[in-house]
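This is what each chain is made of:
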Protein chains: 2
Amino acid sequence: MVVDDEPSIRDLLSASLRFSGFEVVTAADGNEAVEVAKRAGPDLVVLDVMLPDLDGFEVAQRIDAPVLFLTARDATEDKIAGLRVGDDYVTKPFSLEEVQARIRAVLRRTRGEGAPTSRLKVADLELDEEAREVWRAGRPVRLSPTEFKLLHYFMANAGRVLSKAQILDHVWNYDFGGDAGVVESYVSYLRRKVDDVEPRLIHTLRSVGYVLREPPSG
Amino acid sequence: MVVDDEPSIRDLLSASLRFSGFEVVTAADGNEAVEVAKRAGPDLVVLDVMLPDLDGFEVAQRIDAPVLFLTARDATEDKIAGLRVGDDYVTKPFSLEEVQARIRAVLRRTRGEGAPTSRLKVADLELDEEAREVWRAGRPVRLSPTEFKLLHYFMANAGRVLSKAQILDHVWNYDFGGDAGVVESYVSYLRRKVDDVEPRLIHTLRSVGYVLREPPSG
DNA sequence: GAACGACCTGAGGAAATCCTGAAGGCTCAA
DNA sequence: TTGAGCCTTCAGGATTTCCTCAGGTCGTTC
């Protein structure tokens, strides 16, 4: 369930989550959230802390599901101390990669050990979401947060061609004002760090985008 | 079983204990506690001394299980003298690390010798919960109470990335008002005391958190 | 093969994040 | 009352990360 009073945020999140295979219901304020939650019984709630009627933490107490809070970046961390065990939070403005990563982490903790693995693998490139570790050809690789998010997005969509606009929309914060040049820079960083051996996995499709995959055999 | 009339405390404790693998039932007052205990037969009861109906010590007498009392910090010590053998207590406000440590201690005493070991070990770093002792590379290390709780939390979650907010929620009292800067200070203290030799075990994941583990093997 | 657009990448400044020493206040015991 | 150990805050400095920019390279088209 997605709860936010701004329609643009609601739509952004629900569209992105639906695309990833989640079933999504939405609410625009605290009272509606409590009501919808009762009816729909969500597995997890993405909940803006600032709502027109109720405080986000109040809403959380009346809902029997783990919560991923959306907070302003300038909220001092002690405000976040209201989190229950199992909850988590993301600061606005967020990136979709960020939100989805946290959602998966919360669901993993909630559903216990039988949860699906958090390890992605393409050829000899491996990525562990939980441990936040990456290996290429068996060697560990250190990545910055943005590099990690970008690589994760590539690996979660291995074999699919991703335009620079798509990448910008998923990996960068939704309010990012710059142009697609940064994508080129970060693809360059990734190539140096994780794609400096054969077979090359990150391929440029000129004037289309990028794709991560094993080179076509034969 | 968790018994407290404040829902926030009940939820905090039951969620934290469930996450650690315990089965939890709850009660909101003394009479309900006696009733639920009869039905559920708990191995241990976490029991607030101040309940709306009955006194916590009265409740304890009617329950056939060891008790971990929750008391106000200013409770005079003679009140605590009412503890039966095998019981223990924690003062409010507590930290989750504190409560879980006491619970394990009580269960260890109750269940006798067949209990699981109280010794944590990561690489050449060892921690004895019962003796409250720590060794690094065979050498004993003196830690303050907070340092010990923090290290214990790290070791109990070795290999898992812990955010500063998570650390604050588990190691510090639930009413702590300060910010995450104090976590940085204590990580610094721990590094000086237990992580001043190779291999380094406490790693910073910039803008993510910390993790205690052996360096990724390449 | 020349011109054009798209892409790559090194350099560098700004900002975010982290580390750590220092200092003040607190509790507890002597 | 004093002192020691502990907890917390704070701020300067170190480090890492982010983003922009510009010159060079590569591919495509005509």
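Just so you know, these numbers come straight off a predicted model, no measurement behind them.

Cut-offs applied
- Residues numbered from 1 in each chain as written.
- Chains lettered and ligands numbered in written order.
- Predicted model: local features only at pLDDT ≥ 70, side-chain atom pairs only at ≥ 80, totals over all residues.
- Heavy atoms only, no water.
- Pairing = 2+ DSSP bridges.
- Helix = DSSP H or I, 4+ residues; strand = E, 2+ residues; numbered from the N terminus.
- Salt bridge = Lys/Arg side-chain N within 4 Å of Asp/Glu carboxyl O.
- Buried < 20%, exposed > 50% of the residue type's maximum accessible area, 1.4 Å probe, protein only.
- Axes fitted to C-alpha atoms, helices over the stretch in contact; angles between N-to-C directions.
- Core = buried A, V, L, I, M, F, W, Y, C linked by side-chain atoms within 4.5 Å.
- Contact = heavy atoms within 4.5 Å.
- Polar contact = N/O pair within 3.5 Å; in protein donor to acceptor, adjacent residues only side chain to side chain.
- Buried area = accessible area lost by both parts, 1.4 Å probe.
- Nonpolar A, V, L, I, M, F, W, Y, C, P; charged D, E, K, R; others polar.
- Domains from an automatic or database assignment.

Asker: I'd like a rundown of the sheet that holds strand S4 (residues 67-72) of chain B, residues and numbers included.
Answerer: All names here are of chain B. Strand order across the open sheet formed by 5 strands is S2-S1-S3-S4-S5, with parallel pairing between neighbours. In this open sheet, the two edge strands, each paired with only one partner strand, are strand S2 (26-27) and strand S5 (88-92). Summarising the sheet, S4 and S5 pair through 5 bridges and their orientation is parallel. In the strand pairing of S5, Leu68 is matched with Asp88.

Asker: Residue-level account of the pattern of salt bridges, with values.
Answerer: Tallied over the entire structure, the rule returns 35 salt bridges over all chains. Put simply, Arg108(B) and Glu130(B) hold a salt bridge, and the shortest N to O gap is 3.7 Å. Of this pair, Arg108(B) sits in helix H5 (residues 96-111) while Glu130(B) sits in the loop between strand S7 (125-128) and strand S8 (133-136); the two residues are 22 residues apart in sequence, bridging distant segments of the chain. By relative accessible area, which is 14% here, Arg108(B) ends up buried. One continuous salt-bridge network, built from bridges that share partners, spans Asp4(A), Glu6(A), Asp48(A) and Lys92(A).

Asker: Requested: an account of the sheet that holds S8(B), with residues and values cited.
Answerer: Residues and elements named next belong to chain B. Strand order in the open sheet formed by 4 strands is S6-S7-S8-S9, and the pairing between neighbours is antiparallel. Looking along the sheet, the strands with just one partner apiece sit at the ends: strand S6 (119-122) and strand S9 (139-141). On average, each strand axis in the sheet is inclined to that of its neighbour by 20 degrees, with strand direction left out of account. Inspection of the sheet shows S7 paired to S8 by 4 bridges, in the antiparallel sense. The partner of Leu127 across the bridge, within S8, is Val134.

Asker: Could you give an account of the nonpolar core, with specific residues and numbers?
Answerer: Residue and element names in this part refer to chain B. Grouped together as the largest cluster of nonpolar side chains are 27 residues, with contacts concentrated most on Val134, Leu151, Phe154, Ile167 and Leu212. For this core, the secondary-structure elements that each account for two or more residues are S7, helix H6 (145-156), helix H7 (164-171), helix H8 (181-194) and strand S11 (209-212). With 6 residues, H6 is the largest single contributor of residues to this core. The contacts of Leu151, once residues within four sequence positions are left out, are Leu125, Leu127, Val134, Leu143, Leu190, Val194 and Leu212.

Asker: So, helix H2 (residues 30-40) of chain A: which residues are in play, and what are the values?
Answerer: For an α-helix the count is 3.6 residues per turn, leaving residues at separations of three or four pointing the same way. Residue and element names in this part refer to chain A. Among the residues making up H2, those that are buried are Gly30, Ala33, Val34, Val36 and Ala37. On its buried face, H2 is in contact with strand S1 (2-3), strand S2 (26-27) and helix H3 (56-61). Near the N-terminus of H2, the side chain that reaches the backbone nitrogen of Asn31, with its oxygen 3.2 Å away, is that of Asp29.

Asker: How would you explain the side chain of Ser16(B) if you had to name every residue and give the values?
Answerer: Position of Ser16(B) relative to the elements: it lies in helix H1 (residues 7-19). A polar side-chain atom of Ser16(B) sits 2.8 Å from a polar atom in the side chain of Gln100(B).

Asker: I'd like a rundown of the interface of chain A and chain B, residues and numbers included.
Answerer: Taken together, the 16 residues of chain A in the interface contact 22 residues of chain B. Surface buried jointly by chain A and chain B totals about 1,500 Å² across both partners, of which 61% is contributed by carbon and sulfur atoms. Counting across the chain A and chain B interface gives 1 salt bridge. The partner of Glu133(A) in a salt bridge is Arg213(B), with the nearest N and O atoms 3.3 Å apart. For the interface between chain A and chain B, the tally reads 2 residue pairs in polar contact (both at pLDDT 80 or more). Residue composition of the side of chain A that touches chain B, grouped by class: 8 nonpolar, 2 polar and 6 charged.

Asker: Before we move on, could you go through unusual backbone geometry and cite the residues and values that matter?
Answerer: Phi is mostly negative for residues that are not glycine, and the peptide bonds are mostly trans. Look at the link from Lys92(A) to Pro93(A): it is a cis peptide, with omega at -5 degrees. Phi is positive for Ser207(A), which is not a glycine, with a value near 60 degrees. The residue Ser207(A) is located in the loop between strand S10 (202-205) and strand S11 (209-212) in this model. Under the relative-accessibility criterion, Ser207(A) is labelled exposed at 79%. Despite not being glycine, Ala123(B) shows a phi value in the positive range, around 55 degrees.

Asker: Any details on the domain arrangement of chain A? Residues and values, ideally.
Answerer: Residue and element names in this part refer to chain A. Assigned domains within chain A: domain 1 (2-111) and domain 2 (119-212). Each of domain 1 and domain 2 was reduced to a C-alpha centroid, and the two centroids are 27 Å apart. On the domain 1 side of the contact with domain 2, Pro93, Glu97 and Arg108 bury the most area, a combined 47% of that side's loss. In this assembly, domain 1 and domain 2 are joined by 3 salt bridges. Mapped onto the side of domain 1 that touches domain 2, the elements with two or more residues apiece are helix H1 (7-19) and helix H4 (96-111). Sort the elements by how many residues they give to the side of domain 1 that touches domain 2 and H4 lands first, with 5 residues. The residue inventory of the side of domain 1 that touches domain 2, partitioned by class, reads 6 nonpolar, 1 polar and 6 charged.

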